[in-house]
Amino acid sequence: MPGSVANRRLLAPRTLRDALRMLDAEGPLTPMAGCTDLYVALNAGALKDTAFLNLWQLDTLRAITTRGPVLSIGALCTYTDLISSRIVRSRVPMLVAAAKEVGGPQIQNRGTIGGNIANGSPAGDTLPVLAAADAVVVAASVQGQRRVPFAEFYTGYRRTSLRRDELIVAVELPAIAGRQWFRKVGTRAAQAISKVVMAGVDPGRGQAPRIALGSVAPTVVRLPGTEAALGSGAALTEAQRVLLEEIVPVDDLRSTAEYRRRVAANLLASFWNDRGRR
Ligand SMILES: Cc1cc2nc3c(=O)[nH]c(=O)nc-3n(C[C@H](O)[C@H](O)[C@H](O)COP(=O)(O)OP(=O)(O)OC[C@H]3O[C@@H](n4cnc5c(N)ncnc54)[C@H](O)[C@@H]3O)c2cc1C
């Protein structure tokens, strides 16, 4: 039976320290946060893992704090937490825009930012935002914490640099100067995985923008060539040409590669032409 939970083991730590100790001593364990991705895999019969670590009780991973210019968002923050946080709304409006487009209210209430990062789908809606923000993933194990720049976190399609004895505990965002922009193109406004998703930061004053795209490559990607072209004053059409050389979209059940290429170029135009509307 595809969705059976028989013969699976569940550990339920009450503290982060216990969770890390269990991962170290009783692993391999699959972390469980909101289970919105895991349950889909279970239901499809694709979840082969047999031992799970339930993180849901670890309230310390729900904190949203600031340390000077750095905003730290706990891995267990749900999309609803992000949408309702005044500090996230004021510092990272593009993350709130992304959170509002994830699934529907049920998914927003359960799905977490840590789960979106760890799941590593190239269509994950928060991932272009974190890439454009130059975020840092905070990973913890019994040996301590390490900080991984978001640009180095993914090593391939749905592969991350996280070790099996590590949890994502937070994601840190530096102060973001300038205009933030987010746009998701999917089949419909809610409950649709993106065909293409883009986030951008435009510092203005002639500085190069930071642009990230999802669903156009095996991982979320930054567009260094496109960023440099726009930063050096190239025409939009030239930047679009560079963008099309930087992405490698595929045909799949949600869209065609050609459609994704067109949409990506159009999104770049929208982002750049929105400059007057700061
Ligand atoms: C109906 C539906 C609609 C959806 N719509 C969207 C959408 O529009 N956009 C979008 O981006 N996603 C969407 N999703 C996918 C999903 O909701 C998100 O990826 C969500 O953020 C996953 O978080 P979670 O807490 O539920 O993760 P889980 O399902 O609990 O875990 C997902 C993966 O991450 C790992 N994991 C979780 N937390 C941690 C941690 N702290 N440290 C290490 N590993 C961890 C788990 O082991 C697992 O491999 C949708 C899902 C459904 C079912």
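You'll find the structure just up there.
Residues numbered from 1 in each chain as written. Predicted model: local features only at pLDDT ≥ 70, side-chain atom pairs only at ≥ 80, totals over all residues. Heavy atoms only, no water.

1. Focus: the nonpolar core
Nonpolar side chains tend toward joint burial in soluble globular proteins.
(1) Moving on: Within the largest apolar cluster, 39 residues are counted, with the highest numbers of intra-cluster contacts made by Ile73, Leu82, Met94, Ile113, Ile117 and Phe150.
(2) Moving on: Once residues lying within four places of it in the same chain are set aside, the contact partners of phenylalanine 150 are Ile117, Leu127, Leu130, Ala131, Ala135, Val136, Val137 and Val220. (Core = buried A, V, L, I, M, F, W, Y, C linked by side-chain atoms within 4.5 Å. Buried < 20%, exposed > 50% of the residue type's maximum accessible area, 1.4 Å probe, protein only. Contact = heavy atoms within 4.5 Å.)

2. Focus: the sheet that holds strand 10 (residues 167–173)
Strand pairing in a sheet is mediated by backbone hydrogen bonds. Such pairs are either parallel or antiparallel.
(1) Moving on: Here we have five strands laid out as an open sheet, ordered 4-5-10-6-7, and antiparallel in their pairing. Two strands lie at the open edges of the sheet, namely strand 4 (64–67) and strand 7 (144–149), each paired on one side alone. Ignoring which end each strand starts from, the neighbouring axes of this sheet average 25 degrees apart.
(2) Moving on: Across six bridges, strand 6 (residues 136–141) lies against strand 7 in antiparallel orientation. The partner of alanine 140 across the bridge, within strand 7, is glutamine 145.
(3) Moving on: Set on the sheet, helix 1 (residues 16–26) makes contact with strand 6 and strand 10; between it and strand 10 the angle comes to about 125 degrees. (Pairing = 2+ DSSP bridges. Helix = DSSP H or I, 4+ residues; strand = E, 2+ residues; numbered from the N terminus. Axes fitted to C-alpha atoms, helices over the stretch in contact; angles between N-to-C directions.)

3. A closer look at the packing of helix 11 (residues 236–246) against helix 12 (residues 257–273)
(1) Moving on: For the pair helix 11 and helix 12, the least separation of the axes is 10 Å and the interaxial angle reads 140 degrees. Of the possible angle classes, the one that applies to helix 11 and helix 12 is oblique. The handedness of the crossing between helix 11 and helix 12 comes out as right-handed. Listed contacts from helix 12 to Leu236, Ala239, Gln240, Leu243 and Leu244 of helix 11 are Arg261, Ala264, Ala265, Asn266, Leu268, Ala269, Trp272 and Asn273.
(2) Moving on: The residue makeup of the contact of helix 11 with helix 12, split by class, is nine nonpolar, three polar and one charged. (Parallel < 35°, antiparallel > 145°, perpendicular 65-115°, else oblique. Left-handed = near helix turned anticlockwise from the far one by under 90°. Nonpolar A, V, L, I, M, F, W, Y, C, P; charged D, E, K, R; others polar.)

4. A short note on the site of the ligand
(1) Moving on: Near the ligand lie 32 residues; those nearest to it are Pro31, Thr36, Asp37, Tyr79 and Thr112.
(2) Moving on: A distance of 2.8 Å separates a nitrogen atom of the ligand from a polar side-chain atom of aspartate 125.
(3) Moving on: Burial of the ligand by the protein amounts to 88% of the accessible area it has alone, namely 980 Å².
(4) Moving on: When residues of the shell around the ligand are traced back to their parent elements, those giving at least two are strand 2 (30–32), helix 2 (36–43), helix 7 (113–119) and strand 10.
(5) Moving on: The residue makeup of the shell around the ligand, split by class, is 17 nonpolar, eleven polar and four charged. (Near = heavy atom within 4 Å. Polar contact = N/O pair within 3.5 Å; in protein donor to acceptor, adjacent residues only side chain to side chain. Areas by Shrake-Rupley, 256 points an atom, 1.4 Å probe, with all protein chains shown as cover.)

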